[in-house]
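# Summary of the model geometry
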Amino acid sequence: MTRAVVLGGGLAGVLAATVLAGHADEVVLVEGDRYPSGPRPRRGLPQSHHSHVLVAGGARALDALLPGTVDALLADGAQLRDLPGDALIYSADGWFRRLHTGAHLISCTRGLLDQVVRRRALGGGDVEVWEDIRALGLTGDEVRVTGVSVSRQGSPPETVRADLVVDATGRRSQSPRWLAEIGAAEIEEVSVATGLAYATRLYRAPGDLAATIPAIMLHPGTEKGRPARGATLFPVEDGRWIVTLTGTRGGEPPTDEQGFAAFACSLRHPIVADLMAEATPLGVVRPYRDTVNRRRFFERARLPAGFAVVGDAAVAVNPIHSHGMSVAALGALRLREELARHEIGPSLFAGLQTALAEEAERSWRMAIEQDIQRAERQAGQRAVGRVGERAGDQVEEQAGDCVAERAGRDGAPRREPNAFEREIRTRLAQAKLSSPRLAAEFFGVQTLITAGTATDRSEIARVLTGRPEPLLTDEEAIGQYPALAAWRRTRLTAATG
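No experiment lies behind these values; they were computed from the predicted model shown.

### Topic: the sheet that holds strand E17 (residues 240-248)
- Strands sit in the order E6-E5-E15-E16-E17-E14-E18 across an open sheet of 7 strands; the sheet is mixed. This sheet does not close on itself; its edge strands, each paired only once, are strand E6 (94-95) and strand E18 (280-288).
- Strand direction decides the pairing type here: strand E14 (residues 196-204) and E18, joined by 6 bridges, are antiparallel. Residue pairing in the sheet places Tyr203 in a bridge with Pro281 of E18.
- Along the sheet, helix H6 (residues 257-265) contacts E14, strand E16 (229-236), E17 and E18; its crossing angle with E17, the most-contacted strand, is approximately 75 degrees.

### Some remarks on the environment of Ala375
- Tracing the backbone through its elements, the reader meets Ala375 in helix H9 (residues 346-379).
- Along the sequence, Ala375 and Leu196 sit 179 residues apart, while their C-alpha atoms lie 10.0 Å from each other.

### Quick notes on the pairing of strand E13 (residues 189-192)
- Burial along E13 is one-sided: Val190 and Val192 are buried, and none of Glu189 and Ser191, which face the opposite way, are.
- Bridge count between E13 and strand E19 (residues 293-296): 4 bridges; the pairing is antiparallel. When the sheet's bridge partners are listed, Val190 is paired in E19 with Arg295.

### What to know about the pairing of E14
- In terms of burial, E14 is largely enclosed, as 7 of its 9 residues are buried.
- Both E14 and E17 contribute to a ladder of 9 bridges, which runs antiparallel. Of the residues in E17, the one forming a bridge with Tyr198 is Thr246.

### Thoughts on the nonpolar core
- Judged by nonpolar contacts, the single largest core of 51 residues is most densely connected at Leu15 and Leu20.
- The next biggest cluster of nonpolar side chains, apart from the first, holds 35 residues, and it includes Ala135, Trp178, Val315 and Ile372.

### Here's the deal with helix H4 (residues 110-122)
- Compared with the 18 Å implied by 1.5 Å per residue over 13 residues, the 17 Å span of H4 between its first and last C-alpha is a close match.
- Summarising burial for H4: 10 of the 13 residues are buried, a large majority.
- Of the residues making up H4, those classed as buried are Arg110, Gly111, Leu112, Leu113, Asp114, Val116, Val117, Arg118, Ala121 and Leu122.

### Some points on the packing of helix H7 (residues 271-278) against helix H16 (residues 482-496)
- Running from amino to carboxyl end, H7 crosses H16 at an angle of 75 degrees, the nearest separation of the two axes being 12 Å. Taken together, H7 and H16 sit at an angle that is classed as roughly perpendicular. Within the contact between the two elements, H7 uses Ile271, Asp274, Leu275, Ala277 and Glu278 and H16 uses Leu484, Trp487, Arg488 and Arg491.
- Class assignment of the residues belonging to the contact of H7 with H16 gives a composition of 5 nonpolar, no polar and 4 charged.

### Quick word on the environment of Pro304
- Inspection of the secondary structure assignment puts Pro304 in the loop between E19 and strand E20 (307-309).
- For the pair Pro304 and Phe349, spaced 45 residues apart in the sequence, the C-alpha separation amounts to 8.5 Å.
- Leaving out residues up to four positions away in the same chain, Pro304 has contacts with Asp141, Glu142, Val143, Arg144, Val145, Leu179, Ile182 and Ala184.

### What about the side chain of Asp132?
- Along the polypeptide, Asp132 turns up in the loop between strand E8 (128-130) and strand E9 (133-140).
- Although buried, Asp132 forms no salt bridge, and the nearest oppositely charged side chain, Arg34, lies 4.1 Å from it.
- At 3.4 Å, the side chain of Asp132 forms a polar contact with the side chain of Gln153.
- Contact partners of Asp132, with chain neighbours within four places excluded, come to Glu31, Gly32, Asp33, Arg34, Arg43 and Gln153.

### Structural notes on the packing of aromatic side chains
- Taken as a whole and judged by the stated rule, the model has 2 aromatic pairs.
- Taking 4.2 Å as the distance between ring centres and 10 degrees as the angle between the ring planes, the aromatic pair formed by Tyr90 and Trp95 counts as stacked. For the pair Tyr90 and Trp95, one class covers both residues: buried.
- A cation over a ring is seen here: Arg268 above Tyr90, with NZ or CZ 4.2 Å from the ring centre.

### Notes on empty space enclosed by the protein
- Enumeration according to the criterion identifies 8 cavities of 30 Å³ or more in this entry.
- Around the second largest cavity, the lining is made up of 20 residues, and of these Val309, Val310, Gly311, Gly331 and Leu356 lie nearest the centre.
- Where the lining of the second largest cavity is concerned, the elements lending two or more residues are helix H1 (11-20), helix H8 (324-342) and H9.
- Within the lining of the second largest cavity, the residues separate by chemical class into 14 nonpolar, 3 polar and 3 charged.

### Considerations on the pattern of salt bridges
- All chains considered together, the criterion is met by 25 salt bridges.
- Of the charged contacts, one joins Arg201 and Glu257 as a salt bridge, the two residues approaching to 3.7 Å between their closest N and O atoms. Remark: Glu257 occurs in helix H6 and Arg201 occurs in strand E14; sequence separation between them is 56 residues.
- Assessed through its relative accessible area of 9%, Arg201 is described here as buried.

### Section: H16
- Relative to the 21 Å expected for 15 residues at 1.5 Å per residue, H16 spans 21 Å between its end C-alpha atoms, a close match to the ideal helical length.
- Three or more residues of H16 are buried, namely Leu484, Ala485, Trp487 and Arg488. When H16 is viewed along its axis, its buried side chains cluster within an angular range of 160 degrees and face the same direction. In H16, the exposed positions that point more than 90 degrees away from the buried face belong to Pro482, Arg489, Thr490, Thr493 and Ala494.
- Turning to H16, the residues buried within the fold contact strand E5 (87-91), H7 and helix H15 (474-479).

Criteria and thresholds
Residues numbered from 1 in each chain as written. Predicted model: local features only at pLDDT ≥ 70, side-chain atom pairs only at ≥ 80, totals over all residues. Heavy atoms only, no water. Pairing = 2+ DSSP bridges. Helix = DSSP H or I, 4+ residues; strand = E, 2+ residues; numbered from the N terminus. Contact = heavy atoms within 4.5 Å. Axes fitted to C-alpha atoms, helices over the stretch in contact; angles between N-to-C directions. Buried < 20%, exposed > 50% of the residue type's maximum accessible area, 1.4 Å probe, protein only. Core = buried A, V, L, I, M, F, W, Y, C linked by side-chain atoms within 4.5 Å. Expected span 1.5 Å × (residues − 1). Parallel < 35°, antiparallel > 145°, perpendicular 65-115°, else oblique. Nonpolar A, V, L, I, M, F, W, Y, C, P; charged D, E, K, R; others polar. Lys, Arg positive; Asp, Glu negative; His and termini not counted. Salt bridge = Lys/Arg side-chain N within 4 Å of Asp/Glu carboxyl O. Polar contact = N/O pair within 3.5 Å; in protein donor to acceptor, adjacent residues only side chain to side chain. Phe/Tyr/Trp six-rings, centres within 6.5 Å; stacked < 30°, edge-to-face > 60°. Lys NZ or Arg CZ within 6 Å of the ring centre and 35° of its normal. 1 Å grid on protein atoms, 1.4 Å probe; cavity = no way out; pocket = protein on both sides within 12 Å on 5 of 7 lines; lining within 4 Å. Points joined across faces, edges and corners; volume = space filled by probe spheres on them. Arc of directions from axis to C-beta.

Here is the structure:
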């Protein structure tokens, strides 16, 4: 009888447990806190109050794992927005033109997404859920993990036998220490500091704009020597907006009400501040500071058999990039593929962590490329964050690799991007979409590479780059979204009397 134990009941853990339920006789999901009864923030998730979006690649993976989940989210009020067709984006270079690319995002509170996924994943009883139980460490040795030690409230530690232990405990994972305690190899770790902080608040939206507004992204400015500041506003369920203000060192957004509003007014364009002024605040302003990109290279170590790490416990990128939930879904899909080939046993353990790392690689490379480039633009010099010399070389190498196509899994040689792809990458890097191939795979930007004719590709490049036409004015950019433009005209008319 095979037993799999998953540590951590967040999205990565729930999806991993769901996959394992099809291959193990018994699956136990160990959650250190208790799940909320409704679509509310989970106490054990530090970022639960902040903006969360599911990009197209992650949405497809989630539906492949749990068919109908995306429809269930939308039925419960989650909002779907095309990128950049339904997103008002102000980059460092100017306003984006409206264009439907096939990429999209799904925006909702993290509480709603987790509730819908848990309901569909755990409702059948195939996974045994242990709540309010803390994982203390691994049992076994450097050759084989045999289980986990856990602590139930008011009871002494106990050992739970397992044929496979999966760590899905997120950024706070203790796996490197746990492995060291049983004599396993040290885990190499790289971190790339972002200097970025953000603060978030929910709002009750005005009725006429609640669900019709585009997603709004004011990317941080890159004026040399000055803190970069930006903002996002996403519509979510129940007629609400979630507003996040971002700033680098020296320009962190305040958490008091007046300071939060003043910060929004100080941005390069007042559109987010104006919308905030028309909406009703819900709850307090919540800060978040742990935005370091952190990667633990478990795949490079000689891991004991019967152990794997998924999600943020292995690769945690700056949350501002909105990759985490999609990477969790893509990783679970890859876990399912590996289990279908090998089942639980020695042949699975031999290559499982490498396979999982491949699914996180795209997210890692996109995130560090953008964060390093932002730091360079702001400081006017090379910057890779607070990493050791060897780690810094690895980060620079990986960031540089984003310039060329990643070699395929079949070992095909890399090639330099063509002129069209360079055009697209230059513009989309500002929109969190990075290089064309990575964007197509991760964000679902299929038309960028697969548009049928050279004329189609030329038109996409012309529109995205704004050439040869001049850059959009503020009025032209906002005018691409009729409901938003009409609201703004009414507001300006009322203000001028």
